[in-house]
Amino acid sequence: MLTYLIQRFGQALVTVAAMATLVFVGVYAIADPIDMLAAPDATPDERAAIGAQLGLDRSLPVQFGTFAWRALHGDLGRSFVYNEPALSVILQRLPATLELALTALVLAVAVGLPLGLWAGLKPSSGSGRTIMTGSILAFSLPNFWQGLMLVLVFAVTLGWFPAGGRGETVNVLGIETGLLTLDGLRHLVLPAVNLALFKLAVVIRLARAGTREAMLQDYVRFARAKGLSPARIVGVHVLKNILLPVVTVIGLELGSMIAFAVVTETVFAWPGIGKLLIDSINRLDRPVIVAYLMLTVCLFVAINLIVDLIYAALDPRVRLSEAA
Amino acid sequence: MIETRRRPCRTLSRAVLCGWALASAGGPLGAAARDLRIGLAAEATSIDPHFHNLGPNNALRRHIFEGLVTTDPAMTVLPALALAWTADDAHTWTFRLRPNVTFSDGTPFTANDVIYTFCRIPLVENSPSSFATFVRPFESVTAPDPLTVVIRTAEPLPLLPTNITALGMLSAKASGAPGPVTFAKGGCAGMGTPPKSTDFGNPKIAVGTGPYALKEYVRGTQVVLARNPTYWGAAPAFDTVTMKPIVSTGPRVAALLAGDADLIENPAIQDLPRIEAAGFTVAKGLSNRIIYIHLDQFDGPGWKTPTIRGTDKAAPPDKNPLLDRRVREALSKAIDRKAVVERVMGGVAQGAGELLPFPLAGTTKDFPVVAYDPKAAKDLLAQAGYPNGFEITLGTPNDRYINDEKIAQAVAQMWSRIGVKTSLDAATASTFFTRRNTFSFSAYLAGWGADSGEMSNSLNSLLLCFDPESGRGFTNRGRYCNREVDRLTIEAMRTFDENERSALLRRASALAMADYPLIPLHFEVTPWATVKGLRYTPRIDQYTLAMDVAVVK
């Protein structure tokens, strides 16, 4: 177990280092940040002064060397645009995205799993077919279009929910959250639904396929022959077996929901990290872009690790070892 | 209009309440709270008024930190914290300050705050675009009495009052200066520890004399301003102003339609009919931003213009055709500006003849706009030795100006029609401007907004000879150069008499435009949309200010 963790940690380090190098050099190659930062009528002297202040006047190897050395000491540089540590700029925005992604995840699982189970148990019934058709719609329609339609119907036409933004927040243990205020929840509904729809469809389909397969397995027949109630068969035996693929997919999707909720955040003007990334790319705010992607890599590595641990908990046959 | 604007006096019971409030309040500002919610297209990068010289920052700044001098929506220079100013001689400006002005924390505004502000501006750390350039020419700043400030400059600076409209005044006390501050070039005395840019998120430090005071700032989410009860001028119309950045156009319009915002800036032109049809009010105003095409006219040794081909069979083969005035005239005449304005811009733009629209200083009334004449254009090309035209690539950003790439597409088609085969090279702003600044285009489309609202700014940036030493002509990346235009403009920038200065600028502009130094296309018209009951006065500088929102019946 310990060797396994150390190995995973080593892998993560290599990935992070490679990522940082690629992104740093890549962003350096795109264009000169001074062109975006300086006022259009800045004189050459002023531009040179900005370059010197931000360390952009030095050669790429020197800039990268400074960056790497500081990064090793936990300093990912200061944002060019905000003059604040890049990491803290990102962390300020992280709660908004986490709130959105976790709500979407809970929605997807809480709604998708029962629907998928039902569709798997009654594949040829009317309700089963309706669920499946709905799921096709949910994952084949483009995410941004779904978002726009949600805004159009529920915000503009019906006026039930606000069209965008994050509502009132309260400070809980140093973290700003909108989950505890009515206004915050109202603002959360549409973006969370938008972000959840695709995952919801995936969960439904996985659960349905798993259920149909499991229902034909010997252990289900045996359980039935033993006289167990249908509720116990489905709720314990079938459910536990169909959860493995669902957990894998959800784990990966959670990562992508946190790191790349860009579309939803843009459509709903949600002040999360996805939107920060896009803004930073447009302004060539390199420290923020690099820090963001490094954080994303760490996030994915961590989620994968947690998924593996959950595997082991769900399925006693899975062993965590170096060979895994 | 007494009750909140969001809940107008519609129902009977409300109408009764409204009537009662009207009777008891007896004025336009009633008892009920009135809030304004604004959806912005871009967020200010800091509350610090001296951190980043950028449109959104400067617009936000005007709510909280006033300058000595300000500009109205038409960019006329007006007194603000200074009542009057005079040029005593070519090197000295005296500003008489407005008496009885207090900061939002109650302390009085005096000359010491002015000196503190001028001293603090160059000290801002890591400013991505500094205001220091405005105070660098100051040799000395003194205060003979608490309501007088005397500024001495090394060079004559007739435009100093216009320049300092960009500088918001800080409170020396709230910023931590222990006592009187003395100005000295290269380091003032008595500054204490000036606050860092990030400290201005704190309403206790972000203290100004403006009509609104900072209440709350959450980056990326919102800025909340509250009415400054001690404001010296007319009482602000709103109790609170909430500004939310909604960067994408679609969601911004949706926020207005859904009732989440009372005012939005820059709705997409194609959405305007829909917004009006839904019962909202659209305000449109001419801006100081010209959209133009610059043409490479550099003639230095060893320089080959980068994106022109097919000139090998021309009369003087392999020469840059754009060096010939007739070719530039032909390219200008080939463009149907009316069609561009009507079809590409949806009528929301105005054809341009010179670099700034009338009546800004230094402009000429009814300056002729080059007329569409493809036949004359073809003849001019033939005369210049290009009867079969040539090939050119037109560079353009695709996310910087209103419909920028579409305009460039239209121009490319029009040029192709007179035989100049044009291909497009469209790129996102972050890469476009770096390539533009390294002279990678023979022709490029760009825009220029003259922050000072007068012609010397436009000429100085776009048409004076490109000279990195002096900084003149720095955005003149077509490197047009006419010494007479330079001479007239530089003389104008040293002339104190306003009429004389404007006359010199008019002459310089007319002289330059007769050369077809670049191709002016149109002036952008900026749209704002508001809910019924509010009216926005369009600003030439494109700022969105709560002070320019009027409550109407």
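About the criteria used
- Residues numbered from 1 in each chain as written.
- Chains lettered and ligands numbered in written order.
- Predicted model: local features only at pLDDT ≥ 70, side-chain atom pairs only at ≥ 80, totals over all residues.
- Heavy atoms only, no water.
- Helix = DSSP H or I, 4+ residues; strand = E, 2+ residues; numbered from the N terminus.
- Buried < 20%, exposed > 50% of the residue type's maximum accessible area, 1.4 Å probe, protein only.
- Contact = heavy atoms within 4.5 Å.
- Areas by Shrake-Rupley, 256 points an atom, 1.4 Å probe, with all protein chains shown as cover.
- Lys, Arg positive; Asp, Glu negative; His and termini not counted.
- Charge placed at Lys NZ, Arg CZ, Asp CG, Glu CD.
- Buried area = accessible area lost by both parts, 1.4 Å probe.
- Salt bridge = Lys/Arg side-chain N within 4 Å of Asp/Glu carboxyl O.
- Polar contact = N/O pair within 3.5 Å; in protein donor to acceptor, adjacent residues only side chain to side chain.
- Nonpolar A, V, L, I, M, F, W, Y, C, P; charged D, E, K, R; others polar.
- Core = buried A, V, L, I, M, F, W, Y, C linked by side-chain atoms within 4.5 Å.
- Domains from an automatic or database assignment.
- Disulfide = S-S within 2.5 Å.
- Phe/Tyr/Trp six-rings, centres within 6.5 Å; stacked < 30°, edge-to-face > 60°.
- Lys NZ or Arg CZ within 6 Å of the ring centre and 35° of its normal.
- Axes fitted to C-alpha atoms, helices over the stretch in contact; angles between N-to-C directions.
- Left-handed = near helix turned anticlockwise from the far one by under 90°.

**A few points about the overall build of chain A**
Looking only at helices and strands, chain A features 13 helices and two strands. Each principal axis of the C-alpha distribution contributes one length, and for chain A these read about 85 × 55 × 35 Å. When the 324 residues of chain A are sorted by exposure, 44% land in the buried category. Here the contacts in chain A between residues at least 6 apart in sequence split such that 73% fall between residues at least 24 apart. Carbon and sulfur atoms provide 70% of the accessible area of chain A, an area that totals close to 15600 Å². With 24 positive and 21 negative side-chain charges, chain A shows a separation of 17 Å between the mean positions of the two kinds.

**Things to note about the interface of chain A and chain B**
Contacts between chain A and chain B engage 44 residues on the former and 44 residues on the latter. Around 3400 Å² of area is buried between chain A and chain B when both sides are counted, 54% of it from carbon and sulfur atoms. If you sort the residues of chain A by the area they bury against chain B, P44(A), Y82(A) and N83(A) come out on top, with a joint share of 15%. The interface formed by chain A and chain B contains one salt bridge. Across the pair R219(B) and E84(A) runs a salt bridge, and its minimum N-O distance is 2.4 Å. Here chain A and chain B share 11 residue pairs in polar contact (both at pLDDT 80 or more) between them. Among the secondary structure elements, those contributing two or more residues to the side of chain A that touches chain B are α2 (33–37), α3 (44–54), α5 (86–121), α7 (143–157), α11 (262–267) and α12 (273–283) of chain A. Looking at side-chain class alone, the side of chain A that touches chain B contains 26 nonpolar, seven polar and 11 charged residues.

**What to know about the pattern of salt bridges**
Oppositely charged side chains can form a pair if their charged atoms are brought close together. All names here are of chain B. Within this structure, the stated rule accounts for 19 salt bridges over all chains. For R120, the salt bridge identified is with D48, shortest N-O distance 2.8 Å. Of the two residues, R120 sits in helix α3 (residues 111–120) while D48 sits in the loop between β1 (35–40) and α2 (55–64), which places them 72 residues apart along the sequence. Salt bridges here are not isolated pairs; linked through shared partners, they connect R325, E329 and K333.

**Points about the nonpolar core**
Counting 157 residues, the largest nonpolar core has L68(B), F118(B), I293(B) and W415(B) as its most contacted members. When residues of this core are sorted by domain, at least three fall in each of domain 1 (2–280 + 531–551) and domain 2 (286–525) of chain B. Contacts of F118(B), omitting those with residues within four sequence positions, involve L68(B), V135(B), F138(B), V141(B), I151(B), L167(B), M169(B) and F183(B). Core analysis: the second largest hydrophobic core is formed by 65 residues, L54(A), V89(A), L117(A) and V307(A) among them.

**A few points about α2(B)**
Taken across its 10 residues, α2(B) has eight buried, putting it largely inside the fold. Turning to α2(B), its buried residues number three or more, namely N57(B), N58(B), A59(B), L60(B), R61(B), R62(B), H63(B) and I64(B).

**A short note on the state of the cysteines**
Residue and element names in this part refer to chain B. Scanning the entire structure with this criterion turns up two disulfides over all chains. Two residues share a disulfide in this structure: C465 and C481, whose sulfurs sit 2.0 Å from each other. On the S-S bond that ties C465 to C481, the torsion sits near 85°, and the link is right-handed. Residue C465 is found in the loop between α13 (455–462) and α14 (483–493), and its partner C481 is found in the loop between α13 and α14; the two are separated by 16 residues along the sequence.

**Side note on the packing of aromatic side chains**
Counted according to the given criterion, the structure contains 23 aromatic pairs over all chains. The interplanar angle of 40° and the centroid separation of 4.8 Å between the aromatic rings of W528(B) and Y536(B) together place this pair among those described as tilted. Classification of Y536(B) as buried rests on a relative accessible area of 3%. Ring pairing ties together the aromatic residues Y292(B), F432(B), F433(B), F441(B) and Y444(B), which thus form one cluster. Over the ring of Y82(A) we find R219(B), and its NZ or CZ is 4.0 Å from the ring centre. Looking at R477(B), its charged tip hangs above the ring of F474(B), at a distance of 4.5 Å from the centre.

**A few points about the packing of α5(A) against helix α8 (residues 182–215) of chain A**
Residue and element names in this part refer to chain A. For the pair α5 and α8, the least separation of the axes is 6 Å and the interaxial angle reads 35°. For the crossing formed where α5 meets α8, the hand is right-handed. Of the residues in the contact of α5 with α8, the class split is 22 nonpolar, five polar and three charged.

**Points about the environment of W528(B)**
Residues and elements named next belong to chain B. Positionally, W528 belongs in strand β18 (residues 518–530). W528 gets classed as buried once you look at its relative accessible area, which sits at 1%. Along the primary structure W528 and M547 are separated by 19 residues, whereas in three dimensions their C-alpha atoms are 14 Å apart. One polar contact links W528 to T544, side chain to side chain, over a distance of 2.9 Å.

**Comments concerning the environment of L100(A)**
Residues and elements named next belong to chain A. Along the chain, L100 turns up in helix α5. Sequence spacing of L100 and M215 is 115 residues, and the spatial spacing of their C-alpha atoms is 35 Å. Setting aside anything within four residues of it in sequence, one finds L100 in contact with L188, P191, A192, L195, T264, E265 and W270.

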